[in-house]
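Structure at a glance
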Amino acid sequence: MPSHLDADRPASQPPERGTLDSLITQARRLRGGIDAVRSSAAGAGGEEAGDPTSRWKRALCDLAARHLDGLGEHLGQLRAGAPAAGADTPEWHGSGGAAAEGVAAAGQAPPGDRLPARSGSAEWNLLTDVVSWSAELYAIFGRAPSEGPLSLDELPSWVLPDDQPLLAAAVTDCLVDSRPIDREFRIMRPDGAVRTLHLLGEPVLDDQGGTAAMWAVVRDVSELRRSELAVLETRETVRHEQHAAQAERRIAVELQESVLPQWRGSRRFSRSGGHADGSLDIASHYLPSATSTLIGGDWYDALELPDGATLLSAGDLTGHGVAATSGMAMLLGAVRGMAVAGVEPGALMGHLNQLLDSAAQPALGSAVCCRYRPADRTLTWSQAGHPAPLLFRGGEGRVLRPPEGVLLGAAPGAAYGQRTEVLEAGDLLVLHTDGLTSYGDAPSGTALDPLLPGGHVQDGGSQRLLALAGRFAAARTAQECVRAVVEEFGDREGRDDACVLVARVSG
């Protein structure tokens, strides 16, 4: 039914068929592009229902698809032309009708055998009380054509109570003040379904300028509004989880900073505080993950013990966030307490394993613990599934042969061995966590990784550290050595957090 503001105004000419075919083709291509974007988003983010970012992306794609489906439907109706008077309610079948062809051309695949129309038209003649509805409008209301159209007096009984006042005011403004209508409202159909409708109405004026009729186009926008609501809900979910992640990261960072040593530059460990032979010049650095916003459970530590020895340790606890950093704080506190009490590294690892195995939140961890005695420059150390320390001497580096030791928390009652190395003046000892492996060119455990004595694998991070032997030999302080490590690894994208601790033996 043509739209008009004056009853005597001629109807506009329909668009040329070639133009409509071109628009339908463009709609079809856009619809196919939306499907490709949706598949790409699903492949990148996963289809897990618990992933709010993926749900938000899918909701946006669904919303865009529904807009294009509606566009294709309207273009198909335009190409099919106005429905004949008294025509039955159109129901699009797999390949029947020009309207169905238009929808299919726009890329829409109707579910099942039938798909109801989304828009229809109506005219209420105030002079003759004649009401005309298009067949599509009957389908939208779920009303049989034999029941006849609804008058303006009957229409409010179908509208939900909350929407009745606004719709009534809009209709009154149209009939009395000749104002156009642009209003959404919800109806309850006979089958109990609630549908959201968008009404665009205009007054039809007589020769004296009075309102003779009201003409309207009604569109079912229920699916469109549901898609918009899904976008809003998933967007809020994403924002909430981002806020929660930021808060968790802030707590984890604060906990980490309160536990790990906050050195600025090198720190010298010696009984007298001077440059006595055998004292250690120590520096360290924490390298955050480039792919995760959460803090991991990596740690490093250096502590001067009551008997004059120095504790050097590094480790990593599985997981990220507050749980990992709190677990790390527990382990590091235990390491410090047992080291101060004089527990040797091998026995210390056994106690850590028992502690982690009995923790309320089970987890796995790796660690290396060294006890250095400056009087005779001896280093006694033990490890639990952790990369072995690297020793640099005379411009060359090697990986210390590791004693036996499984991951912490992996085997109750496991025994941990320990080894002793005699260091020399000028030696450089490097401890690091296995996060540096993710910075290497080859993952740990590949054919490129050489085997150490005892079947232990030398990881990619250790290989790259060994390649820095020349720079370490030229460095004057432990801090310069750490700077060389940061320059080597800091500009690469690591998949995990990492720590490095450098200790230089004074001459």
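Residues numbered from 1 in each chain as written. Predicted model: local features only at pLDDT ≥ 70, side-chain atom pairs only at ≥ 80, totals over all residues. Heavy atoms only, no water.

**Structural notes on the overall build of the chain**
Regarding its fold elements, the chain presents 11 helices and 16 strands. The buried share among the 507 residues of the chain stands at 44%. Nonlocal contacts in the chain, meaning residues at least 24 apart in sequence, comprise 64% of its contacts between residues at least 6 apart. Entry remark: accessible area of the chain is about 24,400 Å², with carbon and sulfur atoms responsible for 53%. (Helix = DSSP H or I, 4+ residues; strand = E, 2+ residues; numbered from the N terminus. Buried < 20%, exposed > 50% of the residue type's maximum accessible area, 1.4 Å probe, protein only. Contact = heavy atoms within 4.5 Å. Areas by Shrake-Rupley, 256 points an atom, 1.4 Å probe, with all protein chains shown as cover.)

**Overview of the pattern of salt bridges**
Two side chains that carry opposite charge are able to pair once their charged atoms sit near each other. A full pass over the atoms with the stated rule returns 18 salt bridges. When the shortest N-O distance is used, the salt bridge between Arg225 and Glu184 registers 2.2 Å. Placement of the pair is Arg225 in helix α6 (residues 222–259) and Glu184 in strand β3 (residues 181–188), with a sequence separation of 41 residues. Between Asp301 and Arg336 there is a salt bridge; the shortest N-O distance is 2.8 Å. Pair noted here: Asp301 is in strand β8 (residues 296–304) and Arg336 is in helix α7 (residues 322–340), with a separation of 35 residues, a long-range link. Since its relative accessible area comes to 24%, Arg336 is described here as partly exposed. It is possible to trace a salt-bridge network through shared partners that takes in Arg195, Asp220, Glu223 and Arg226. (Salt bridge = Lys/Arg side-chain N within 4 Å of Asp/Glu carboxyl O.)

**Let's talk about the nonpolar core**
Leu312, Leu352, Val430 and Phe472 are the most contacted members of the largest nonpolar core, which totals 71 residues. With sequence-adjacent residues up to four places away left out, Leu312 is seen in contact with Leu280, Ile282, Asp301, Ala302, Val368, Cys369, Cys370, Leu429, Leu431, Leu501 and Ala503. Judged by nonpolar contacts, the second largest core, of 24 residues, contains Ile140, Leu152, Val159 and Ala216. (Core = buried A, V, L, I, M, F, W, Y, C linked by side-chain atoms within 4.5 Å.)

**What about the confidence of the model for the chain?**
Within the chain, residue pLDDT values average 79, and 76% of them lie at 70 or more. Note on residues 1–14: pLDDT under 50 across the span, and 23 contacts to partners over four residues away in sequence or across chains. Contacts for the low-pLDDT stretch residues 84–117, under 50 throughout, to residues beyond four places or in other chains number 53 contacts. (pLDDT = per-residue confidence, 0-100.)

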